[in-house]
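The chain contents come next:
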Amino acid sequence: MFVPLTANGQNLGAVALGLNPNEVVLNTTALTRKVTITVFIAIWVLVILGAVFNALTITHPIKALLHGVRKITAGQFSTRIALPMGGELGELLDGFNAMASQLEVYKAANIEEMKAANKELKVAQAQQQSLIATMADGAMLLDARGCVVLANPTSQRLFRWEARKLVGEPLVNLLPESLLMDVGEALQQVLAGEHATRDIRCSFGSPTRTLRIVLVAVTDPSSNALKGVTVTLQDLSREVELNAAKSHFISNVSHELRTPLFNIKTYVETLHDLWTQISDEERSEFLATANAETDRLTRLVNDVLDLSRLESGQEFRFEPMELRPALEQTLRNYRLNASDKGVRLLCEVEPTLPRVQANFDLLLQVLDNLVGNALKFTPSGGLICLRAYLWPDSCPVPDVSTSATINDLTSRMPRLRVEVSDTGCGMNELDQARIFGRFYRAENTVHTEQGTGLGLAIVRNIMEKQGSVPKLVSKPGVGTTFWFELPLEGSDDDELALLAERVQADT
Ligand SMILES: Nc1ncnc2c1ncn2[C@@H]1O[C@H](COP(=O)(O)OP(=O)(O)O)[C@@H](O)[C@H]1O
Ligand SMILES: [Mg+2]
């Protein structure tokens, strides 16, 4: 049948519809459609199967490989790929795993090595730090601009920098003003490369301290460029003081020697030149004076020798002994002189005295000086008394469990106190403070009595060696009492040595 096609009243054509009456043609067409659909479906199934196979055998291992490589890159050397693959891909995965285990072994070895090196570095660092921190000298490190990088505790103490911020500060801003000129200039020269090292001495502060300051440039060995400056500070104050004391002592000794030598020479010369012109009386007077001056010279030389022996660091033996024999010998030595002068010499000693730890010769020297002085400065009709007693007489046993300091303990240590008192001229407070110094003699007694002014310096020196300090009370016109203390037999040697060190450091 035909269907006409019209639009807007216009005839466009016709559509012809009909059935093919040929059955063969109809069957062929149906078969063709079925085959086409089957082929289409089969192709899609094959494509999907291919994709799945591909995903299982290629994409998955490559992804795993990529993941593994990322982990290795991130330092996770324990990563392994566990895929049962064969062929070239399998070889690639095996290679990857082998590489990962090699890296892991290498890393473990490296870590061990680094740990050991680190430990060594830390030990060396700690050693250096403790060395710098405990050095008796001051040490500082400055950067190439002269700013502080490091300053050890000694340098901080020397300049009283304990509470200041130091790191990063220019050294010249921190130094005391009196050092600025010298140190600033030297530092500038080292920083500018004009000098590789500078060694200067300067003084500052009050009381004056003398420092030796050594500045050394620190350079990079390869480029020779300045990296910083090390500064070492040596406190020379003690040496300077000792040197001054030594020079003072030598000039004093020379001066003291000159006077008797001059006197001897004058009298001997007069006797020699004018022997016939002077009377017998004058001759014997001149000879007596020369003789007395020779005695004075001998005393002086002996005292100087005693003092230098005591200060030479010679070790003296202190051993257990009775005090009484030393007292008796001293009394024997002076009894005659005392009775000649009309001075009474008494000895008041407790009947049972404990034994002491002492050196007999040194003890005798101390007693000899003190009793000699007492007799020298006590007028006729006076009294000299030697006493010895236990001090403190009752000694509480120190409780070691409490936090008692050594000072507390030693101050309670029983000792034997020896006193020499006289009813002599006495002395004022200024003299009392000075008489233990070398060559010091109180003004009012110098011209009338013989002496070297070294006796009490010797006494003090001897007592220092025993960890004790001689003391006195005196009143002009009334009298003087000197006393000192001796450790008892069996006193702790270490404690005594410590005391002696402390006493010597304090004086
Ligand atoms: N017992 C004393 N009484 C008064 N003054 C004393 C006494 N002992 C010492 N002095 C004073 O101390 C000074 C120093 O004594 P010392 O060192 O023994 O020297 P020296 O006896 O040679 O003068 C004496 O010169 C004296 O002025
Ligand atoms: Mg004397």
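Residues numbered from 1 in each chain as written. Chains lettered and ligands numbered in written order. Predicted model: local features only at pLDDT ≥ 70, side-chain atom pairs only at ≥ 80, totals over all residues. Heavy atoms only, no water.

- By the naming in an unreviewed UniProt entry, the protein is histidine kinase, taken from Candidatus Synechococcus spongiarum LMB bulk15M.
- Heading Subcellular location (unreviewed entry) of the UniProt record for the protein holds this comment: "Membrane".
- We quote the UniProt Catalytic activity (unreviewed entry) comment for the protein here in full: "ATP + protein L-histidine = ADP + protein N-phospho-L-histidine." (UniProt positions renumbered as here; feature names shortened; annotations may be inferred.)

1. Things to note about the UniProt feature "transmembrane region" (unreviewed entry) in the protein
- Summarizing the sequence annotation, UniProt attributes the feature "transmembrane region" (unreviewed entry) to residues 35-56 in the numbering used throughout.
- Span residues 35-56 is 100% helix and 0% strand, its end C-alpha atoms 32 Å apart. (Helix = DSSP H or I, 4+ residues; strand = E, 2+ residues; numbered from the N terminus.)

2. Notes on the sheet that holds strand 3 (residues 138-143)
- In spatial order, the strands read 4-3-7-6-5; together these five strands make up an open sheet with antiparallel pairing. In this open sheet, the two strands that pair with only one neighbour each are strand 4 (148-151) and strand 5 (197-204). Across this sheet, the average inter-strand angle for adjacent strands is 20 degrees, counted without regard to direction.
- Of the pairings in the sheet, the one linking strand 6 (residues 209-219) to strand 7 (residues 226-235) comprises nine bridges and is antiparallel in character. Directly across from Thr219, in strand 7, lies its bridge partner Leu226. (Pairing = 2+ DSSP bridges. Axes fitted to C-alpha atoms, helices over the stretch in contact; angles between N-to-C directions.)

3. Quick notes on the domain arrangement of the protein
- Each domain of the protein was delimited in the assignment, giving domain 1 (30-134), domain 2 (135-235), domain 3 (241-308) and domain 4 (315-398 + 409-506).
- The C-alpha-based centres of domain 1 and domain 4 are spaced at 94 Å. (Domains from an automatic or database assignment.)

4. Notes on helix 9 (residues 360-376)
- In this model helix 9 runs 24 Å from its N-terminal to its C-terminal C-alpha over 17 residues, within 8% of the 24 Å that 1.5 Å per residue would give.
- A large share of helix 9 lies buried, amounting to 13 of its 17 residues.
- Its side-chain oxygen placed 3.1 Å from the backbone nitrogen of Asp361, Asn359 serves as the N-cap of helix 9. (Expected span 1.5 Å × (residues − 1). Buried < 20%, exposed > 50% of the residue type's maximum accessible area, 1.4 Å probe, protein only. Polar contact = N/O pair within 3.5 Å; in protein donor to acceptor, adjacent residues only side chain to side chain.)

5. Some remarks on the site of ligand 1
- Residues in contact with ligand 1 amount to 21 residues; listed here are only the nearest, Asn373, Lys376, Thr452, Gly453 and Leu456.
- Measuring from an oxygen atom of ligand 1, one finds a side-chain N or O atom of Lys376 at 2.8 Å.
- Between ligand 1 and the protein, one listed contact pairs an oxygen atom with a backbone N or O atom of Gly453 at 2.7 Å.
- Elements that contribute at least two residues to the shell around ligand 1 include exactly helix 9, helix 13 (455-465) and strand 14 (479-487).
- With three residues, the top contributor of residues to the shell around ligand 1 is helix 9.
- Considering only residue class, the shell around ligand 1 consists of ten nonpolar, eight polar and three charged. (Near = heavy atom within 4 Å. Nonpolar A, V, L, I, M, F, W, Y, C, P; charged D, E, K, R; others polar.)

6. A few points about the pattern of salt bridges
- Evaluation of the coordinates by the stated rule reveals 17 salt bridges.
- The salt bridge partner of Glu319 is Arg317, with a shortest N-O separation of 3.2 Å.
- Judged by its relative accessible area of 61%, Arg317 falls in the exposed class.
- A salt bridge links Glu485 to Arg417; the shortest N-O distance between them is 2.8 Å. Of this pair, Glu485 sits in strand 14 while Arg417 sits in strand 12 (residues 415-422), placing them 68 residues apart in sequence.
- Take Glu485: its relative accessible area is 17%, and that puts it in the buried class.
- Within the structure, one salt-bridge network assembled from shared partners comprises Glu322, Arg355 and Glu489. (Salt bridge = Lys/Arg side-chain N within 4 Å of Asp/Glu carboxyl O.)

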